[in-house]
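Read off the chains here:
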Amino acid sequence: MKDIQNQEDLYEVINDFYKKLLADEAISYIFTDVVKIKLEDHLPILVAFWSQSILGTGGYFNNLTQIHLDVNAKSYLSKELFEIWLNHFEAAINENFYGINCERMKNQAHNLSTVMQIKIAKEREKE
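Here the structure is a predicted model, which is why all the values come from computation and not from measurement.

### Looking at the pattern of salt bridges
Enumeration according to the criterion identifies 6 salt bridges in this entry. For Asp9, the salt bridge is made with Lys2, and the minimal N-O distance between the two is 3.0 Å. Of the residues examined, Lys2 reaches a relative accessible area of 39% and is grouped as partly exposed. Glu123 is paired through a salt bridge with Lys126; the nearest N and O atoms lie 3.2 Å apart. Here Glu123 pairs with Lys126, and both are found in helix H6 (residues 100–126), just 3 residues apart, close to one helical turn.

Next comes the structure, spelled out in structure tokens:
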């Protein structure tokens, strides 16, 4: 298997990842009922995020933290949901690619998960 090297590789990972998320009843409702994402619009945004993060290409301008806090305000994003998210994310990478960029991507996903959970916990303390 090869390492993630370009946006096409990232698209493959993210597309596979969302197939897994949407097939998992424990988490799919976040994307179908709470946020109601349109994959054709959402996937390019996620590819831009990971491309900027892993490949240094730039192009992602959204506030990732605020987006997740807004989702959490609609439906609590629990530790269990983040664990499901991470498991599917890692599987989508591991089933398709192998290498340093893959490891960087998985590490960053864990870091993002941790930061989001801390920020969500702080928001809940304010309530």
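Don't stop here, the text continues.
### Remarks on the side chain of Asn72
Inspection of the secondary structure assignment puts Asn72 in helix H4 (residues 64–74). Sequence-distant contacts of Asn72, that is, excluding residues within four places in its chain, are made with Leu77 and Ile120.

### Some thoughts on the packing of aromatic side chains
The final tally for this structure, using the stated rule, is 8 aromatic pairs. An angle of 80 degrees between the planes, with centres 5.1 Å apart, marks the rings of Phe49 and Tyr60 as edge-to-face. You can see Phe49 sitting in helix H3 (residues 39–55) and its partner Tyr60 sitting in the loop between H3 and H4, a full 11 residues away along the chain. By relative accessible area, which is 10% here, Tyr60 ends up buried. Members of the aromatic cluster, each reached through a chain of ring pairs, are Phe17, Tyr18, Phe31, Phe49, Trp50, Tyr60, Trp85 and Phe89. Here Arg124 stacks its cationic end above the ring of Tyr76, 3.9 Å away from the centre of that ring.

### Examining the nonpolar core
Counting 37 residues, the largest nonpolar core has Ile14, Trp50, Phe89 and Met105 as the members making the most contacts within it. Contributions of two or more residues to this core are made by helix H1 (7–23), helix H2 (28–34), H3, H4, helix H5 (79–94) and H6. A total of 8 residues in this core trace back to one element, the largest contributor, which is H5. Apart from the residues within four sequence positions on either side, Trp50 is in contact with Leu10, Ile14, Leu55, Phe89, Met105, Gln108, Ala109 and Leu112.

### Observations concerning the environment of Cys102
Relative to the helices and strands, Cys102 is located in helix H6. When the C-alpha positions of Cys102 and Asp3 are compared, they lie 6.4 Å apart, and in sequence the two are 99 residues distant. Ignoring sequence-local partners within four residues, the contact set of Cys102 consists of Asp3, Ile4, Ile93 and Phe97.

Calculation rules
Residues numbered from 1 in each chain as written. Predicted model: local features only at pLDDT ≥ 70, side-chain atom pairs only at ≥ 80, totals over all residues. Heavy atoms only, no water. Salt bridge = Lys/Arg side-chain N within 4 Å of Asp/Glu carboxyl O. Buried < 20%, exposed > 50% of the residue type's maximum accessible area, 1.4 Å probe, protein only. Helix = DSSP H or I, 4+ residues; strand = E, 2+ residues; numbered from the N terminus. Contact = heavy atoms within 4.5 Å. Phe/Tyr/Trp six-rings, centres within 6.5 Å; stacked < 30°, edge-to-face > 60°. Lys NZ or Arg CZ within 6 Å of the ring centre and 35° of its normal. Core = buried A, V, L, I, M, F, W, Y, C linked by side-chain atoms within 4.5 Å.

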